[in-house]
Amino acid sequence: MPEFTAVPQLHPAAPANEEFGRLGDIAAWLAAAQDAEHAAPVARARAIVFAGAHGIAQPSTDGAAIGPYDEEDQARWKDNLTTAAQRAEVGLDIIDCSPSAAIDSSPAMSPEDLEHHVTLGMQAADREVDSGADLLITSDVGIGSETVAAAVLGRITYTEPVAILGTRTGGGVTDDMWKARVSVVRDAMFRARNLEGWEVVQTIGSPSLAALIGFIAQATARRTPVLIDGPLAATAAVLAERSAPGVKGWLRAGSSSPEPAYALALKELGLTPLLELDLRAGHPLGALAALPLVRLAAELA
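None of the values given here were measured: they were computed from a predicted structure. (Residues numbered from 1 in each chain as written. Predicted model: local features only at pLDDT ≥ 70, side-chain atom pairs only at ≥ 80, totals over all residues. Heavy atoms only, no water.)

## Considering the overall build of the protein
Check the secondary structure of the protein and you find 11 helices and 5 strands. Relative to the globule expectation of 19 Å for 301 residues, the C-alpha radius of gyration of the protein, 18 Å, shows essentially globular dimensions. A principal-axis box enclosing the C-alpha atoms of the protein has dimensions of 60 × 40 × 30 Å. For the protein, long-range pairs separated by at least 24 residues make up 77% of all intrachain contacts whose partners lie at least 6 apart in sequence. Here the protein displays about 12500 Å² of accessible surface, and carbon together with sulfur accounts for 50% of that area. For the protein, the centre of its 22 positive side-chain charges and the centre of its 38 negative side-chain charges are spaced 2 Å apart. (Helix = DSSP H or I, 4+ residues; strand = E, 2+ residues; numbered from the N terminus. Rg over C-alpha atoms; globule rule 2.2 N^0.38 Å. Contact = heavy atoms within 4.5 Å. Areas by Shrake-Rupley, 256 points an atom, 1.4 Å probe, with all protein chains shown as cover. Lys, Arg positive; Asp, Glu negative; His and termini not counted. Charge placed at Lys NZ, Arg CZ, Asp CG, Glu CD.)

Dropping the structure here:
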């Protein structure tokens, strides 16, 4: 596996201005990332989204599906991201990742594919920082990624499948879909029960998860603040922090989600979402929606 560069510890350059509440906290975070007494305006924000197909999104042999979405929904999410990025005046790059196998029955990817996608993410971070990006946004788009995140995070935090998924239905999720998700996560976690570290990612993760880990670790090693959004990006951030301690100081979370795995990952990272949008899908939209808030905090500083 590629080795991550040590991530510098981020310490506030100056106390947050309590007059502005959480806006003051954001401004202090930006100032620390910029190694300045006061935050400078965000000049070049970039959103990098990793797109992937997940084998578990296909109905099983008994016809059980884990969710209500299909390829048309994924295409719509990408269109929405383009619109949101234009509104937020931020450059957007959607990077396609290799498909993942069904993690409840097969390894998600080969060791070579894992290394390739970690490197893909690291190279994307280097490319953006070298091009002058001073704030990065990252997430994923892919049907089934929330279930992959639940399986991986459940395994590394020793959380039971029902607890990591919750008992949520609604939003198009039926009882049968929820049961199918529980079965997938249970079987995947069982398959990875004796594995640690990168073996867990290779066996029950996904190429887009691997790319996100590489991207977040490298971006923060390059002293660039990152807005993350969605369960898969948050799980990647937890794994990046475990591989390169100090990552979490450079992160903020865009929006909330009903997914328990997302809340657990943010708790592990010590992050509170900037917005409470409770997005069920199309997660990068939360970070894009939060970007004006970050820009305002810098202007107030």
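## Details of the layout of surface pockets
A volume near 260 Å³ is recorded for the largest pocket. In terms of lining residues, the largest pocket is bounded by 14 residues, among which Ala 57, Gln 58, Asp 70, Glu 71 and Ile 143 are the most central. Taken together, the residues of the lining of the largest pocket sort by class into 7 nonpolar, 5 polar and 2 charged. (1 Å grid on protein atoms, 1.4 Å probe; cavity = no way out; pocket = protein on both sides within 12 Å on 5 of 7 lines; lining within 4 Å. Points joined across faces, edges and corners; volume = space filled by probe spheres on them. Nonpolar A, V, L, I, M, F, W, Y, C, P; charged D, E, K, R; others polar.)

## A word on the packing of aromatic side chains
Applying the stated criterion across every chain, the model contains 3 aromatic pairs. Note on Tyr 69 and Trp 77: the rings are 5.1 Å apart at their centroids and 70° apart in plane angle, and the pair reads as edge-to-face. Judged by its relative accessible area of 28%, Tyr 69 falls in the partly exposed class. Between the NZ or CZ atom of Arg 193 and the centre of the ring of Phe 190, over which it lies, the distance is 3.8 Å. (Phe/Tyr/Trp six-rings, centres within 6.5 Å; stacked < 30°, edge-to-face > 60°. Buried < 20%, exposed > 50% of the residue type's maximum accessible area, 1.4 Å probe, protein only. Lys NZ or Arg CZ within 6 Å of the ring centre and 35° of its normal.)

## Some details on the packing of helix H2 (residues 71–88) against helix H11 (residues 284–300)
Orientation of H2 relative to H11, taken along the N-to-C sense of each, is 5°, at an axis distance of 9 Å. Between H2 and H11, the angle falls in the class roughly parallel. Contact residues: Asn 80, Leu 81, Ala 84, Ala 85 and Ala 88 in H2; Pro 284, Leu 285, Leu 288, Leu 291 and Arg 295 in H11. Its residues placed into classes, the contact of H2 with H11 shows 8 nonpolar, 1 polar and 1 charged. (Axes fitted to C-alpha atoms, helices over the stretch in contact; angles between N-to-C directions. Parallel < 35°, antiparallel > 145°, perpendicular 65-115°, else oblique.)

## Some words on the packing of helix H1 (residues 22–33) against H11
At a closest axis distance of 8 Å, the pairing of H1 and H11 adopts a crossing angle of 80°. Taken together, the axes of H1 and H11 lie roughly perpendicular to each other. Within the contact between the two elements, H1 uses Leu 23, Ile 26, Ala 27 and Leu 30 and H11 uses Leu 293, Val 294, Leu 296, Ala 297, Ala 298 and Leu 300. Looking at the contact of H1 with H11, its residues break down into 10 nonpolar, no polar and no charged.

## Comments concerning the pairing of strand E3 (residues 135–141)
Of all 7 residues in E3, 7 are buried; the element is thus mostly enclosed. What you see with E3 is no split at all: Leu 135, Ile 137, Ser 139 and Val 141 on one side and Leu 136, Thr 138 and Asp 140 on the other are buried throughout. Pairing of strand E1 (residues 45–51) with E3, which is carried by 7 bridges, proceeds in the parallel orientation. In the strand pairing of E3, Ala 51 is matched with Val 141. Here E3 pairs with strand E4 (residues 226–228) via 3 bridges, running parallel. Looking across to E4, one finds that Thr 138 is bridged to Ile 228. (Pairing = 2+ DSSP bridges.)

## Considering the environment of Pro 2
Looking at the secondary structure, you find Pro 2 in the segment before H1. As for Pro 2 and Gly 246, which are separated by 244 residues in sequence, their C-alpha atoms are 18 Å apart. With near-sequence residues (within four places) excluded, Pro 2 lies in contact with Glu 115, Val 118, Thr 119 and Met 122.

## Looking at empty space enclosed by the protein
The tally for this structure, following the rule as stated, stands at 2 cavities of 30 Å³ or more. The calculated volume of the largest cavity comes to roughly 170 Å³. Along its surface, the largest cavity is lined by 13 residues, and Ile 66, Gly 67, Tyr 69, Glu 146 and Arg 181 are the ones closest to its centre. Looking at the lining of the largest cavity residue by residue, the class counts come to 5 nonpolar, 3 polar and 5 charged. Roughly 40 Å³ of internal volume is contained in the second largest cavity.

## Structural notes on H1
In a regular helix each residue adds 1.5 Å, so 12 residues correspond to 16 Å; H1 covers 17 Å between its end C-alpha atoms and thus fits that length. Among the 12 residues of H1, 10 are classified as buried, and the element is accordingly described as predominantly covered. Those residues of H1 not exposed but buried are Leu 23, Gly 24, Ile 26, Ala 27, Ala 28, Trp 29, Leu 30, Ala 31, Ala 32 and Ala 33. The elements touched by buried residues of H1 are E3, E4, strand E5 (251–253) and H11. Phi turns positive, to about 55°, at Asp 35, one or two residues after H1. (Expected span 1.5 Å × (residues − 1).)

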